[in-house]
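Structural description and commentary
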Amino acid sequence: MARKGDFMTRSGIQPKTVKLWRIKDGQLDVTVAWDIHQVTVEDDQGSHKEWEYKDLRFEIPYTGNRPEAYLAKHKREILLKAKTRLGDVTTEEAIQLDDLRDSVIYARIKNIDSGRTDKKYVQVTRTIEGQELTTQCFVTYSMLQAYKAGDLAQGDYVIIEFADGDLNKPIVMDKVIGF
């Protein structure tokens, strides 16, 4: 089932988001499904409903004696890892995966456009799980002044904080020196 691209799987059985196949050598062999929805299929036997979804089968390192409990507790993280492996993850999901939603992160400035009407002047990039992700950020007044003075430029590393823990409100708080 593991494949790259924008493939959809079809089945007459509704898939679980995370299905455990086996446990072997400290690994959980799982299939993860997302974008699950029903479609009507026409074939030589007529019209019928099937489930259509994206999925990936892969192994997860595991040490413990309650794999079902582990999978239930880490369901969202496992889903995001699968989506990232197929390149089907949003920037916000990747940040969640990196467990950064309520914390401060660093990123590299990819572009600065002080003319944007939405006031998200700085575009930053960061690699998470091997995928380069970009997002537009607000800036503090001091960072805007640093840019105007020539002290903030493309390629600089900056500290990003999410206002109110909201992934739609990233703010460039400061420049990292010597990174």
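Residues numbered from 1 in each chain as written. Predicted model: local features only at pLDDT ≥ 70, side-chain atom pairs only at ≥ 80, totals over all residues. Heavy atoms only, no water.

Take the overall build of the protein chain next. The helix and strand tally for the protein chain stands at four helices and nine strands. When the helices and strands of the protein chain are listed from N to C terminus, the series reads β-β-β-β-α-α-α-β-β-β-α-β-β. Counting over 179 residues, the protein chain shows a buried share of 39%. Sequence separation of 24 or more characterises 53% of the internal contacts of the protein chain that already satisfy a separation of 6 or more. About 10800 Å² of surface is accessible on the protein chain, with carbon and sulfur atoms providing 46% of the total. (Helix = DSSP H or I, 4+ residues; strand = E, 2+ residues; numbered from the N terminus. Buried < 20%, exposed > 50% of the residue type's maximum accessible area, 1.4 Å probe, protein only. Contact = heavy atoms within 4.5 Å. Areas by Shrake-Rupley, 256 points an atom, 1.4 Å probe, with all protein chains shown as cover.)

Moving on to the layout of surface pockets. By volume, the largest pocket is sized at about 220 Å³. The wall of the largest pocket is formed by eleven residues, among which P15, K16, K19, W21 and Y53 lie closest to the centre. Where the lining of the largest pocket is concerned, the elements lending two or more residues are strand 2 (18–24) and strand 3 (27–43). Looking at side-chain class alone, the lining of the largest pocket contains six nonpolar, three polar and two charged residues. (1 Å grid on protein atoms, 1.4 Å probe; cavity = no way out; pocket = protein on both sides within 12 Å on 5 of 7 lines; lining within 4 Å. Points joined across faces, edges and corners; volume = space filled by probe spheres on them. Nonpolar A, V, L, I, M, F, W, Y, C, P; charged D, E, K, R; others polar.)

We now examine the pairing of strand 9 (residues 170–175). In this structure, strand 7 (residues 131–139) lies alongside strand 9, joined through two bridges in parallel fashion. In the strand pairing of strand 9, F138 is matched with I171. Sheet topology places strand 8 (residues 157–162) next to strand 9; five bridges connect them, and they run antiparallel. Paired with I159 across the bridge in strand 9 is D174. (Pairing = 2+ DSSP bridges.)

This part is about helix 2 (residues 75–85). Since the α-helix turns once every 3.6 residues, residues separated by three or four places project in the same direction. Among all positions in helix 2, only I78, L79, L80, A82, K83 and T84 are buried. Directly beyond the C-terminal end of helix 2, a positive phi value near 70° is found at G87.

Here the focus is the confidence of the model for the protein chain. For the protein chain, mean pLDDT is 84; residues scoring 70 or higher make up 88% of the total. Residue range residues 1–5 is modelled with pLDDT below 50. Its contacts to residues more than four positions away, or to other chains, number 13 contacts. (pLDDT = per-residue confidence, 0-100.)

On to the sheet that holds strand 2, then. On the basis of which strands lie adjacent, the open sheet formed by four strands has the order 1-4-3-2 and antiparallel pairing. The open sheet has two edge strands with one neighbour each: strand 1 (9–11) and strand 2. Put simply, the sheet's adjacent strands are angled 35° from each other on average, direction ignored. Where helix 2 meets the sheet, its contacts fall on strand 2, strand 3 and strand 4 (46–61), and the angle it forms with strand 4 comes to roughly 95°. (Axes fitted to C-alpha atoms, helices over the stretch in contact; angles between N-to-C directions.)

This part is about helix 4 (residues 141–148). Turning to helix 4, its buried residues number three or more, namely M143, L144 and A146. In a view along the axis of helix 4, the buried residues occupy a sector of 160°, so they form one face of it. Exposed residues lying more than 90 degrees from the buried face of helix 4 are Y141 and K148. Contact partners of the buried residues in helix 4: strand 7 and strand 9. Positive backbone phi, at 85°, marks G150, one or two positions downstream of helix 4. (Arc of directions from axis to C-beta.)

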